[in-house]
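One-letter residues, chain by chain:
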There are 2 protein chains.
Amino acid sequence: MALEKKWVTMGDVAREAGVGTITVSRVIRTPTKVSQTTRDKVQAAIAKLGYVPDETAGALSSQRSRMVGALVSTLEASIFASTIEGLSTGLRAEGYQLLLGNTEYEPETEASLAATMLGRRPDALVLTSDQHTEAARTLMNRAGVPVIELWELPESPIHAAIGFSNAAAGEAITRHLVETGRKRIAFIGPDRANDRRGQLRQSGYLRAIAGQEPRVALMPADLKGAGIGAAGLAQILERYPDTDAVVCVSDAIALGAYCEAMRRGLSVPRDLALTGFGDFDLASDAGLALTTLRIDGHAIGAKAADLILSGTKAAPLPPTVIDMGFELIRRGTS
Amino acid sequence: MALEKKWVTMGDVAREAGVGTITVSRVIRTPTKVSQTTRDKVQAAIAKLGYVPDETAGALSSQRSRMVGALVSTLEASIFASTIEGLSTGLRAEGYQLLLGNTEYEPETEASLAATMLGRRPDALVLTSDQHTEAARTLMNRAGVPVIELWELPESPIHAAIGFSNAAAGEAITRHLVETGRKRIAFIGPDRANDRRGQLRQSGYLRAIAGQEPRVALMPADLKGAGIGAAGLAQILERYPDTDAVVCVSDAIALGAYCEAMRRGLSVPRDLALTGFGDFDLASDAGLALTTLRIDGHAIGAKAADLILSGTKAAPLPPTVIDMGFELIRRGTS
DNA sequence: GCAAGTCATGGTATCGATACCATGGCTCGG
DNA sequence: CCGAGCCATGGTATCGATACCATGACTTGC
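Rules and cut-offs
- Within each chain, residues carry numbers counting from 1 in the order of the written sequence.
- Whichever chain is written first becomes A and whichever ligand is written first becomes 1, with later ones labelled in order.
- Totals for whole chains, interfaces and linings use every residue, but because this is a predicted model, local features are given only for residues with pLDDT of at least 70 and side-chain atom pairs only at 80 or more, for both listing and counting.
- Calculation of side-chain values draws on the structure's entire complement of heavy atoms; hydrogens and water are dropped beforehand.
- Helix and strand assignments follow DSSP, with helices taken as H or I runs no shorter than four residues and strands as E runs no shorter than two, numbered in order from the N terminus.
- A helix is expected to span 1.5 Å for every residue after the first.
- To sort residues, take the accessible area from a 1.4 Å probe on protein chains only and compare it with the maximum for the residue type: under 20% means buried, over 50% means exposed, and anything in between is partly exposed.
- Contacts are assigned to residue pairs with any non-hydrogen atoms lying within 4.5 Å of each other.
- Boundaries of every domain are those given by an automatic assignment or by a domain database.
- Throughout, near means a residue has at least one heavy atom within 4 Å of the molecule or strand.
- Whenever two N or O atoms come within 3.5 Å, that pair is a polar contact, provided that in protein one can donate a hydrogen and the other can accept it, and provided that, for residues adjacent in sequence, both atoms are side-chain atoms.
- As a working rule, the residues Ala, Val, Leu, Ile, Met, Phe, Trp, Tyr, Cys and Pro are called nonpolar, Asp, Glu, Lys and Arg charged, and the rest polar, with Gly in that last group.
- Least squares is the method used to superpose the copies, on C-alpha atoms of residues holding a pLDDT of at least 70 in both.
- For two strands to be treated as a pair, DSSP must find no fewer than two bridges joining them.
- What counts as an axis is a line fitted to C-alpha atoms, over the stretch in contact for a helix, and the angles between N-to-C directions run from 0 to 180 degrees.

Our next topic: helix α8 (residues 166-179) of chain A. Owing to its 3.6 residues per turn, the α-helix aligns residues three or four sequence positions apart on the same side. Residues and elements named next belong to chain A. Between its first and last C-alpha atoms α8 spans 20 Å; for 14 residues at 1.5 Å apiece the expected length is 20 Å, and the two agree. N166, A167, A169, G170, E171, I173, T174, H176 and L177 are the residues of α8 that are buried. Looking at the buried positions of α8, the neighbouring elements they touch are β6 (185-191), α9 (196-208), β8 (245-248), β9 (273-275), β10 (292-294) and β12 (327-329). Following α8 by one or two positions, G181 has its phi on the positive side, about 95°.

Structure representation (structure tokens):
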């Protein structure tokens, strides 16, 4: 341990201020427990020395890391961007920080990332991935760390969940097309074995078209959003030329389908109605004016932060499943 | 500290395997220094007990946290998504993890986040924000933590930088329009005082149109991408009805401008050429087929990971500025 | 006026891992 | 056959903060 001294320690501050180390700790964590004059002295010393408390040491001795691990299925397509933002903003207010991991829709990756993250002893784990390996479930249960699943309402939540019913959402947007007179409705999504959310939306679609013939195109996921939409619409029109509406599993996919429709000279929504999912920027009136289903990702993230911060060592947060709902936004494509 | 025992410790594993704790540590960190038989014994004990090493304690004693702090200007619009992804994937391979913070283009927020992050004693700090307060610079310098700035080539880098010249990029894409015969070129971007990257692209635009009249629309940043593009184009056409090309500071803004042009019955690219920036999914041939400037965000992130992992305690990474360049992608809008 | 209680503060053990140094067994060259 | 040198392993101090308990000064109620 003969490393050159690099960081100012709490002891240095204590010496400078002429107090005990514990008093410095209190000035930082629980200022009300220290008299005004002492507090000022200590704060002056902190400023003078440029002291930055070592959270690593604090975490070890207090057994609270003030870190939250977040495992997201994907960083692309901005799907979870606002959720992460809401979460991180909420946590920052209390000095908590976010550890980020990207599972890429792979349960195996999720399991390995979860294990690595638990090594940091986070105070909570947030998952936007919905498929967990048995090993991961065991690990997370045994760890005693609260686990919050987002963007879904799982049948058997690990602990808590905040989201909405993807099946109901898929059903709602499809029903909107049915109700506006569409008779031959198709569905486009990526072909991803571990994307349960997408599968649930598809099941909602199937329920809503009851009576109509299902027309589903699942395209290779490596095409990315727009590519999936464009290729998917091409496939649908080839197999079912008389299709008059398409439900896309995301706004990005809807963009691809929209552009493909333009290229084919189809009029939207006259010849073909189109819906997205998520209500991202590109769907707005200033953009494609896409009929879509709005998910308030920011609110989901903020709610998760609330939940985490409200749980304490003494009273861990109770198992809960919170339905944040969704909202149909009708714009120009339907 | 009378907390119930929750986690299996290295001592537990050592006892189970009948070895010293340090041997367990070596099995995890430097397996080659332990004999095969002992290694097997220890690994069996680890598996049996479900031991997850406490990185918090490891960080404290080894003075290496295996964490990298990343401060991004924004999580939205997926601008930095691939960079973060490249970074996190590269780091994961070595068991490093990512601490994420969102500065929202606010130098003050960046400074406060940087301070919080330094409390975790990260092994490196990665910034995609380009404006730093004086306090933040001082803090980062004093901390002795390598700082890597991304997506730019700063004149006075804090330490290392990986990116490209935003001014040259703005100039290149504008020059492309000049060379393809456009005579009255406008520029649309957000009105963000602390977005130096955008300002540099604008300065490149100004340099490239030399001789032409500058036509710049900077719209309120809270409109978001597509809104900025749509409102920006409207403003440009009102003030300069004969505009024949528009340089947009991002692909998302170009989408808004594109849709606005459609609504006005303008033909792209005949009446109006349009360019974006970033080459995100929506710009692809399957999407808008947008002429744009490709930035390889993933490569930038991956390179940053390499750089961080190559630096050791003994030989900290040398100050470097790496130009990753950019690529003009000509598609259907010019 | 005194016991009981509150407030501000400090001392010391401790969290769980790793660094440093030490040790015993073994190989190998002369 | 012996000492130099390597390999595998262990003991102990330590990283920098916080928890717990203790202490002395001062307030308050009856």
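Having put the structure on the table, let's press on.
Bringing the domain arrangement of chain A into the picture now. Split into domains, chain A comes out as domain 1 (10-53), domain 2 (65-164 + 297-324) and domain 3 (166-294). Using C-alpha coordinates to define each centre, domain 1 of chain A is positioned 60 Å away from domain 3 of chain A.

This part takes up the protein's contact with DNA strand D. If you check the shell around DNA strand D, you find 26 residues, and the closest are M10, S25 and S61 of chain A together with T23 and T38 of chain B. Sugar plus phosphate: this is where 67% of the atoms of DNA strand D within 4 Å of the protein reside. Y51 of chain A is positioned such that a nitrogen or oxygen atom in its side chain is 2.6 Å from a phosphate oxygen of DNA strand D. Within the contact set of DNA strand D, a phosphate oxygen lies 3.0 Å away from a backbone nitrogen or oxygen of S35 of chain B. Taken together, the elements giving at least two residues each to the surface near DNA strand D come down to α2 (21-29) and α4 (55-62) of chain A together with α2 (21-29) and α4 (55-62) of chain B. The dominant element in the surface near DNA strand D, judged by the number of residues it contributes, is α4 of chain A, at 5 residues. Among the residues forming the surface near DNA strand D, the class breakdown is 12 nonpolar, 11 polar and 3 charged.

Its rotation angle being 180°, the transformation that places chain B on chain A also includes 0.0 Å of axial translation and leaves an RMSD of 0.1 Å. Both copies are brought into coincidence by an operation consistent with a two-fold rotation axis. Residues of chain B ranked by C-alpha distance from the rotation axis are headed by L99 of chain B, positioned 2.3 Å from it.

Residue placement: E171 of chain A occurs in helix α8. Every residue in contact with E171 of chain A, bar those within four places of it in the chain, is listed here: G204, Y205, R207 and A208 of chain A.

Our focus in this paragraph is the sheet that holds strand β5 (residues 160-163) of chain B. Read from one edge of the open sheet, 12 strands run β11(A)-β5(A)-β4(A)-β3(A)-β1(A)-β2(A)-β2(B)-β1(B)-β3(B)-β4(B)-β5(B)-β11(B), paired in mixed fashion. Every interior strand has two partners, whereas the edge strands, β11 (321-323) of chain A together with β11 (321-323) of chain B, have only one. When the angles between neighbouring strand axes are averaged without regard to direction, this sheet yields 20°. One ladder, built from 3 bridges, connects strand β3 (residues 124-127) of chain A with strand β4 (residues 147-150) of chain A; its direction is parallel.

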